[in-house]
Structure formats: structure tokens, C-alpha cells
Amino acid sequence: MLLIATSILCLGRKLWLCLLSAAAAGLLLAALLLTGYYMGFFFILIGGVFLVLYLAFDFRWLVRAFGGSWRRACMATGAFLAACLIGLVPFFIIYLPVVRSGAKRSFAEVMHFAPSWETLINHGWENLLWGWLPRHQALVDPALMQRGEAPMAPTPLLVLGSVGLWLWLLLRHRPVAKRQLRFCAALAIAATVLVLMTVNVAGTSAWWIVWEYVPGANGLRVPFRIGIPAQAALLMVVVLCGATLLKFATADTRPWRHCLIFTLLLLACLGQINFNDQTNIDRVAENRWLAALPPPPNACRNFVLIDDSAPAKPHPLRHLFLQIDAMLIAHQVGLPTSNGYSGLLPPNWNFIDQDRKRARQNAREWVVRYGLRDGFCVFDRSAHRWSVG
């Protein structure tokens, strides 16, 4: 999609501006991958499938967009790829060691998080417009709707609106809107097909094709998160089709078309409002707790967080909350921590053992193994106290 935006900027522009736009788009893509691997991967995947489909519809479009010159197109594409590779250097530094360690997800783990068909109508019980769907006993089993990552499917108005406006454009303005029709069809098909590929059908899913053959896909645990960028793609379809319909509207039909399209976009936006609290975090209380942290001893160079309290009814995810607290403390006091939380764990790292004594022992063994004893400290969350060594 960034390459497409670059091509638009290249229309009628000087060559240096075209190359600069392409390089900027490549750097932006690299930054997206570095700062948000899931979304970066999904946007690249949707964009790649879209580009293949659109070029199949109109192979000469890309060259025409770059000013009708094969040389111009190749230079801009080269600038895009070169800038992207340069921008990916930090990404490779962080992720290549993980790849070399052989860490990857099994497809069985991916299937554990694969959505069912019912999930496609689950937009959260607290969704402003669509919360009644997962609560409707006749439609879905409410027990299937409890998983926190389920409310990610594109909302019904985005799906129906993109299809409806595209058909309207096809039936009324096909001769003068061929380019927009091809663009919107390719984008909607790419987004919809990739979302449907994640669905669990009889214990497997078509996502296996992506997991097996697309580089980087086996590092993803929850493929259904692709529903987030898919909604952005469908929204682009709605906006582009609506804008094109308004462009070709006559004076007597323009007012009611404006009203209809504005209403559709307004309802589509309202359908994104969800009052469910997915974080379960009281921001004010967390900030107050962090502000009250005692300063670490001067000898501390790194630390591990433990919690020696023994509540009668501990939260089942307490051992994971502890890892997140450690990262917040590290940011607050300016010290690195060996705690952390990730879907892929480093070799020999086991700080999430629910047994408190084993967790403490695991932390000490990790520190010794990797030469971190110099300046090593422990912060006891329950006692609110630092200790050296």
C-alpha cells in the first residue's frame, strides 16, 4: 500500500521527488515492522495480496502511475526496497538471534487461538452497536465468546457498506469508474479472504498456507488479529467508493447521496466504540504505585522482581502480571530487568514459574549464567523493598 501511495505521489512529479517519496515509504514500512511486528506483518500481507490482485486486473497500471516509464518504475521500486532494507537493520539485530535460536510457533499453538465461525460476529459484549450479537443465545454459544482477543472481526456495517457501495458504483458508473472499481475489489477481496483463512474448520485452517510459506508468519501466535488492519482496508473501500459516487452524482441526487454516505460512515465509526475494559488496569492506581517506589541502591545495575506474598486466592495470571510490573519499574527507575513478557521465551529463561521459591531460584541461575551478578539487585513487590545480590 505504501508503494501505491508512492506511485500516486510520482504522478507528474520530478524524478528526485518520486525517489524521495519511495525511500520515505520504505523507511516507514521498516519502522512499522520494528515497532509493531504483528501489524507490520499483517499490513505487508494484505498489501502484497492486494497488489497481486490489482496488477492481475490491470498489469500496466503500476508503470502508468510512475509516469509511463519502466525505468522510472524500477528506480522508484529500488529506492523503496533499499530504504526499507536499511531501515530494517535494527529489526534484524533484534530478531535474527531469535530466528537462529530456532524459536518458532507450532501450528498447533496457532490453532489454539484460531477463531470459530461464531467469532466473526463477536465484536464484544460491550460494543455500542453490535454487543447484542454475541449475547444472543440463538446465534452463538456465550461460552465461546469469553476469549479476550475474539472481538476483532470487521464490523457488519464495514462489510456490508463496502460491498453495497461497490455494487452501486458498478451498476451506475462502471464505464467511468473502472480504476476505482478494480482498486476497491482487489483491496476488499484481499482483506476478506485473509480474515476468513484464519477460521478454524474441523481442527485446521487455511492459514497454514501463510504459516508454512510466508517468511515470518510462524512467529505469530494469534492470526485473527489481522482483523484490525482488515477493518482499515474495508474502511478505505467504503470511503473511496463513497467519494467516487459523490463525484459522479448529479445535482438532484447529490443531497440524498451525501446524507446516505455520511450516515453509513457515522454508523461505521459508532460500531468501533467498545466499552469493555480489556486491560483490567487502573491507570491512576498504577501511576500512584510507581511514583511511590523507593529508589534502588546505588550499587544496582540490573534487577529482578519477585513477590513473596501468599494471597489466599491468587489471580491465575498473577505470575504474568509480575513480569509486566517489572518492565514498568525498569522504566520508572532507569534500570534494566531480566523479567519480561513475550510469546517466545529465551532459552533457559523461566521467570513465570508459579512456585515462588522456584521462580526466585530460576532468576538467580539466569543471572549467574549470563554474567549479570555484578550490580544484581532484587525488588520484592510485596515488601516494597530493594536488596543487593
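Residues numbered from 1 in each chain as written. Predicted model: local features only at pLDDT ≥ 70, side-chain atom pairs only at ≥ 80, totals over all residues. Heavy atoms only, no water.

Undergrad: Got a minute to help me understand the packing of aromatic side chains in this structure?
TA: Given two aromatic rings, one states the distance between the centres and the angle between the planes to describe the pair. Scanning all chains against the criterion turns up 17 aromatic pairs. With a centroid separation of 6.1 Å and an interplanar angle of 40 degrees, the aromatic rings of Tyr37 and Phe41 are classed as tilted. Placement of the pair is Tyr37 and Phe41 together in helix H3 (residues 37-57), with a separation of 4 residues, close to one helical turn. Here Tyr37 falls in the buried class, since its relative accessible area comes to 18%. Judged by relative accessible area, Phe41 falls into the buried class, the value being 6%. (Phe/Tyr/Trp six-rings, centres within 6.5 Å; stacked < 30°, edge-to-face > 60°. Helix = DSSP H or I, 4+ residues; strand = E, 2+ residues; numbered from the N terminus. Buried < 20%, exposed > 50% of the residue type's maximum accessible area, 1.4 Å probe, protein only.)

Undergrad: Would you mind showing me how to read the state of the cysteines here?
TA: Here, the word disulfide means a covalent bond between the sulfur atoms of two cysteines. Evaluation of the coordinates by the stated rule reveals 1 disulfide. In this model Cys300 forms its disulfide with Cys377; the gap between the sulfur atoms is 1.9 Å. Measuring the twist about the S-S bond at about -95 degrees, one finds the Cys300-Cys377 disulfide to be left-handed. A residue pair is termed long-range when its members are at least 10 positions apart, and Cys300 in the loop between helix H14 (283-291) and strand S1 (302-306) and Cys377 in strand S2 (residues 376-380) qualify at 77 residues. For the pair shown, Cys300 and Cys377 are each scored as buried. (Disulfide = S-S within 2.5 Å.)

Undergrad: Explanation requested: the confidence of the model for the chain in the structure shown.
TA: Keep in mind that low pLDDT regions are not for reading the predicted coordinates in detail. With 86% of its residues at a pLDDT of at least 70, the chain reaches an overall mean of 81. Here helix H1 (residues 2-10) stands out as the least confident element of the chain, with mean pLDDT 54; helix H11 (residues 207-213) is the most confident, with 93. (pLDDT = per-residue confidence, 0-100.)

Undergrad: Honestly, the packing of helix H9 (residues 156-173) against helix H10 (residues 178-197) in this entry has me stumped. Any pointers?
TA: Packed helices, taken two at a time, are described by their axes: the angle between them and the distance between them. Here H9 crosses H10 at 155 degrees, and the two axes come no closer than 10 Å. Our classification of the angle between H9 and H10 gives roughly antiparallel. Between H9 and H10 lies a crossing whose hand is left-handed. Residues Trp166, Leu169 and Leu170 of H9 lie in contact with H10, whose contacting residues are Gln180, Leu181, Cys184 and Ala185. A per-class count over the contact of H9 with H10 returns 6 nonpolar, 1 polar and no charged. (Axes fitted to C-alpha atoms, helices over the stretch in contact; angles between N-to-C directions. Parallel < 35°, antiparallel > 145°, perpendicular 65-115°, else oblique. Left-handed = near helix turned anticlockwise from the far one by under 90°. Contact = heavy atoms within 4.5 Å. Nonpolar A, V, L, I, M, F, W, Y, C, P; charged D, E, K, R; others polar.)

Undergrad: Can you help me understand a nonpolar patch on the surface in this one?
TA: Together, Leu317, Phe321, Ile324, Met327, Leu328 and Tyr341 make up a nonpolar patch on the protein surface, roughly 500 Å² of accessible area in all. Of note, Phe321 is situated in helix H15 (residues 318-333). Its relative accessible area of 39% is what places Phe321 among the partly exposed residues. (Patch = residues over 30% accessible without salt bridge, like charges linked within 9 Å, V, L, I, M, F, W, Y side chains within 5 Å. Areas by Shrake-Rupley, 256 points an atom, 1.4 Å probe, with all protein chains shown as cover. Salt bridge = Lys/Arg side-chain N within 4 Å of Asp/Glu carboxyl O.)

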